[in-house]
Amino acid sequence: MDFLDIAVIQFVNSFARKSVMFDRIVLEILQLNSLKMMPLVVLMVWLWFSSEQHTTRKAVFSGFFGGFIALVMTRIVQNLGFHRPRPALSGNFDFVMPAGGYTSDWSSFPSDTAGLAFAMALGIWLASRKIGIAAFFWATIIISFPRLYGGFHYLSDLMAGAIIGMACTYLFWRLRRVSDPLFNTALNFQKNHKPWFYALAFIMAFQTSTYFGDVRKAGEKILHSIGAK
């Protein structure tokens, strides 16, 4: 897999610096949260309100829940698994940093970005096959490709993250003994406490669209403070 990973990223990297405008679009414009994850969140919100069918709403619920679990799982693997340097910093080959590109020395395996994106894309696909195809396209081209192009991840990092994400959503969807009680509790909460339900749902949607960035930063600072003592 290492040979394929390096071959793929070298091919993609051969286009770096050929067009400063293209580089900046991929690594700056497409990296904005409003263009990266928010469209998937919007689709899931639209699907929730477009139908009151049990299966549609459970699919949306599964996508959100699976995405959150996927973020947790990928981060656990990154923190506790073997450290895999990001392609741009690995030194395995001469990486040409695209214009506007940057990266940090964080383990690249697996991709938490792909994990969240594909978990939600599968939730959308379970709710609507046609819209789901568009969601998978978005997760692949708009969300995942810039991570490869910018040297954040190898192909296998993205594939592993995608598999983890889809597995989290699918297993939650299929394991009814686990998912049905949680989903039914959410529906009852919506029915009996509608203002609170949608206020909390808004917070969840916002945090998802920003990859729980504030929560993760707060957690990192807390852990850093504990470790410094």
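Model, not experiment: these values are computed from the prediction. (Residues numbered from 1 in each chain as written. Predicted model: local features only at pLDDT ≥ 70, side-chain atom pairs only at ≥ 80, totals over all residues. Heavy atoms only, no water.)

Caption draft 1: View of the side chain of threonine 169. By the secondary structure assignment, threonine 169 is in helix H9 (residues 155-174). Look at threonine 169 and you get buried, because its relative accessible area is 0%. Each residue touching threonine 169, except ones within four places of it in the same chain, is listed here: Ser62, Gly63, Gly66, Gly67, Ala119, Leu122, Gly123 and Leu126. (Helix = DSSP H or I, 4+ residues; strand = E, 2+ residues; numbered from the N terminus. Buried < 20%, exposed > 50% of the residue type's maximum accessible area, 1.4 Å probe, protein only. Contact = heavy atoms within 4.5 Å.)

Caption draft 2: Fine view of the packing of aromatic side chains. One pass over the full model with this rule turns up 13 aromatic pairs. On the numbers, 5.5 Å between centres and 85° between planes, the contact of phenylalanine 22 with tyrosine 149 is edge-to-face. Taken together, the residues phenylalanine 22 in helix H2 (residues 20-29) and tyrosine 149 in helix H8 (residues 129-149) connect sequence positions 127 residues apart. Its relative accessible area of 1% is what places tyrosine 149 among the buried residues. Lying over the aromatic face of tryptophan 173, lysine 58 brings its terminal NZ or CZ to 5.7 Å of the ring centre. (Phe/Tyr/Trp six-rings, centres within 6.5 Å; stacked < 30°, edge-to-face > 60°. Lys NZ or Arg CZ within 6 Å of the ring centre and 35° of its normal.)

Caption draft 3: Quick look at unusual backbone geometry. That bond from phenylalanine 109 to proline 110 is cis: its omega, -10°, falls within 30 degrees of zero. In the Ramachandran plot, arginine 17 falls in the positive-phi region, its phi being about 70° despite a non-glycine side chain. Along the polypeptide, arginine 17 turns up in the loop between helix H1 (2-13) and H2.

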